[in-house]
Amino acid sequence: MNEVNEVLDCHAAMRRLWEYLDGELSEQTLEAVHAHLSTCADCYRHYDFEREFLAALEAVQAQDCAPSTLHSRVLDTLRMEGFVPRYGER
Amino acid sequence: MEHSVDVTEANKVATSDPHSFEREALPCLDAVFRFARSLAHERADADDLVQETFLRAYRSWSTFLPGADCRRWLFTICHNAFLRSRERSQRRELHEQGDIDALPAVILHAHAIRDGTDALLTQIELVPALRGALEMLAEPFRSVVLLVDAEGYTYQEASELLSVPVGTVRSRLYRGRRFLQEILFAHARDVGLGCAGSHQGSTDHE
């Protein structure tokens, strides 16, 4: 295989789509997938969907915060161990 | 990653600061909460896990290496506490075959293009739909989805954190994502999005 000009067909490119989106590919393979996506509208459509899906998934999960009651509960437990908060509590 | 190695001089200095725990560990509480929620399905169990994690972390703070990733250290404690609690409750882990690559998800999307549900990301109330789907996603898939897709860990880092091979992280992650998409597409069909036979240029990856 040519180390510089790796060419991927649709099947090979789509198999690597998650790794491409996750930044888990080697530079050479990443460039090969990128090159394929830039010339294949069908595969780009899948890429675009998965990219938006992952962005939404990240956003939804990042919104979850521990409730204030849990913060208080943890601090109460730590105080019983001798912990003295200095910077304030939530 | 192993942090409970020699207690170095630097380590002693850092942990002799009575406020270092508050400064470094407590700001990670929301992240630990999210990770605990991904491990323990019941909210009450997750809260217990968070409390247990911070108690253990506080008691072993002297073993935390200054400059190390505190969030990751807490996640490891949380995961170990979860494994022990699960052993205690004798619950069985859900075993399911993972995906080896992205192709199953691409095929799923190709079907969605064909039945017109692929536009769901812009046409449905995605946040509540995705929240509901995440609630249905079982361990061990959910923790990997949380670690990689929300907390930004690499496959290798998630593998070390969960003490499983990288290939296992990969297959659980891909299967978990596809499961979420299956739920979303089903939800889109339930709310009337798409209709059978509405071809919009389906692709040939099936």
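Residues numbered from 1 in each chain as written. Chains lettered and ligands numbered in written order. Predicted model: local features only at pLDDT ≥ 70, side-chain atom pairs only at ≥ 80, totals over all residues. Heavy atoms only, no water.

1. Thoughts on the overall build of chain A
Stage number 1. Looking only at helices and strands, chain A features five helices and zero strands.
Stage number 2. Of the regular secondary structure in chain A, the N- to C-terminal order runs α-α-α-α-α.
Stage number 3. Across the 90 residues in chain A, those meeting the buried criterion constitute 39%.
Stage number 4. The long-range fraction of contacts in chain A, counting pairs at least 24 apart against all pairs at least 6 apart in sequence, stands at 51%.
Stage number 5. Surface exposure of chain A reaches about 5,100 Å², of which carbon and sulfur atoms provide 50%. (Helix = DSSP H or I, 4+ residues; strand = E, 2+ residues; numbered from the N terminus. Buried < 20%, exposed > 50% of the residue type's maximum accessible area, 1.4 Å probe, protein only. Contact = heavy atoms within 4.5 Å. Areas by Shrake-Rupley, 256 points an atom, 1.4 Å probe, with all protein chains shown as cover.)

2. Here we look at the interface of chain A and chain B
Stage number 1. Contacts between the two partners involve 45 residues from chain A and, on the opposite side, 52 residues from chain B.
Stage number 2. Between chain A and chain B the total buried area reaches about 4,700 Å² when both faces are included, carbon and sulfur atoms providing 62% of it.
Stage number 3. Applying the counting criterion to the chain A and chain B interface returns six salt bridges.
Stage number 4. In this structure, the salt-bridge partner of E81 of chain A is R59 of chain B, at a minimum N-O distance of 2.8 Å.
Stage number 5. In this assembly, chain A and chain B are joined by 17 residue pairs in polar contact (both at pLDDT 80 or more).
Stage number 6. Breaking the side of chain A that touches chain B down by element, the ones donating at least two residues are helix 1 (10–15), helix 2 (17–22), helix 4 (41–62) and helix 5 (68–79) of chain A. (Buried area = accessible area lost by both parts, 1.4 Å probe. Salt bridge = Lys/Arg side-chain N within 4 Å of Asp/Glu carboxyl O. Polar contact = N/O pair within 3.5 Å; in protein donor to acceptor, adjacent residues only side chain to side chain.)

3. What about the packing of helix 4 of chain A against helix 6 (residues 103–115) of chain B?
Stage number 1. The interhelical angle for the contact between helix 4 of chain A and helix 6 of chain B, taken along N-to-C directions, is 100 degrees, at an axis separation of 10 Å. With respect to helix 6 of chain B, the element helix 4 of chain A is oriented roughly perpendicular. Mapping the contact onto sequence places R45, H46, F49 and E50 of chain A in helix 4 of chain A and A105, V106, H109, A110 and I113 of chain B in helix 6 of chain B.
Stage number 2. Taken together, the residues of the contact of helix 4 of chain A with helix 6 of chain B break down into five nonpolar, two polar and two charged. (Axes fitted to C-alpha atoms, helices over the stretch in contact; angles between N-to-C directions. Parallel < 35°, antiparallel > 145°, perpendicular 65-115°, else oblique. Nonpolar A, V, L, I, M, F, W, Y, C, P; charged D, E, K, R; others polar.)

4. What about the pattern of salt bridges?
Stage number 1. Applying the stated criterion across every chain, the model contains 17 salt bridges over all chains.
Stage number 2. Residue D64 of chain A is joined to R131 of chain B by a salt bridge in which the shortest nitrogen-to-oxygen separation is 2.9 Å. One end of the pair, D64 of chain A, is in the loop between helix 4 and helix 5; the other, R131 of chain B, is in helix 8 (residues 126–136), on a second chain.
Stage number 3. For D64 of chain A, a relative accessible area of 25% corresponds to the partly exposed category.

5. Brief notes about the nonpolar core
Stage number 1. Membership of the largest hydrophobic core comes to 88 residues, with the highest contact counts inside it found for F21, F35, V50, F54, L74 and L147 of chain B.
Stage number 2. Apart from the residues lying within four places of it in its own chain, the contact partners of F21 of chain B are L78 and F83 of chain A together with L26, F54, A57, Y58 and W61 of chain B. (Core = buried A, V, L, I, M, F, W, Y, C linked by side-chain atoms within 4.5 Å.)

6. Thoughts on the confidence of the model for chain B
Residues and elements named next belong to chain B.
Stage number 1. For chain B, per-residue confidence averages 80 on the pLDDT scale, and residues scoring 70 or more make up 78% of the total.
Stage number 2. Least confident of the elements in chain B is helix 1 (residues 9–16), whose mean pLDDT is 51; most confident is helix 10 (residues 155–162), at 95.
Stage number 3. For the stretch residues 1–10, pLDDT sits under 50, and the model shows 11 contacts to residues farther than four places along the chain or on other chains.
Stage number 4. Low pLDDT, under 50, characterises residues 196–202; the stretch is placed with 16 contacts to residues that sit more than four places away or in other chains.
Stage number 5. Two numbers describe this predicted complex: its pTM, 0.71, and its ipTM, 0.82. (pLDDT = per-residue confidence, 0-100.)

7. Re helix 4 (residues 43–59) of chain B
Stage number 1. An ideal rise of 1.5 Å per residue puts 24 Å on 17 residues; helix 4 of chain B measures up with 24 Å between its terminal C-alpha atoms.
Stage number 2. The set of residues buried in helix 4 of chain B consists of A46, D47, L49, V50, Q51, T53, F54, L55 and A57 of chain B. (Expected span 1.5 Å × (residues − 1).)

8. Observations concerning helix 4 of chain A
Stage number 1. The end-to-end C-alpha distance of helix 4 of chain A is 31 Å, a good match for the 32 Å that 22 residues give at a rise of 1.5 Å each.
Stage number 2. Where helix 4 of chain A is concerned, the buried positions are C43, H46, Y47, F49, E50, F53, L54, A56, L57, V60 and Q61 of chain A.

9. Topic: unusual backbone geometry
Leaving glycine out, the prevailing phi sign among residues is negative, and the prevailing peptide bond configuration is trans.
Residues and elements named next belong to chain B.
Stage number 1. The linkage connecting E139 with the following residue, P140, adopts the cis geometry, with an omega of 10 degrees.
Stage number 2. Residue placement: P140 occurs in the loop between helix 8 and helix 9 (141–150).
Stage number 3. Residues other than glycine seldom take positive phi values, yet S163 does so here, at roughly 55 degrees.
Stage number 4. With respect to the element layout, S163 can be found in the loop between helix 10 and helix 11 (166–190).

10. Comments concerning the packing of aromatic side chains
Stage number 1. For the coordinates displayed, the defined rule picks out 14 aromatic pairs over all chains.
Stage number 2. The interplanar angle of 75 degrees and the centroid separation of 5.1 Å between the aromatic rings of F21 of chain B and Y58 of chain B together place this pair among those described as edge-to-face. Taken together, the residues span a long stretch of sequence, with F21 of chain B in helix 2 (residues 20–24) and Y58 of chain B in helix 4 at a distance of 37 residues.
Stage number 3. Residue class for Y58 of chain B comes out partly exposed when judged on its relative accessible area of 22%.
Stage number 4. Connected via pairs of aromatic rings, a cluster forms that spans F83 of chain A together with F21, Y58, W61, F64 and W73 of chain B. (Phe/Tyr/Trp six-rings, centres within 6.5 Å; stacked < 30°, edge-to-face > 60°.)

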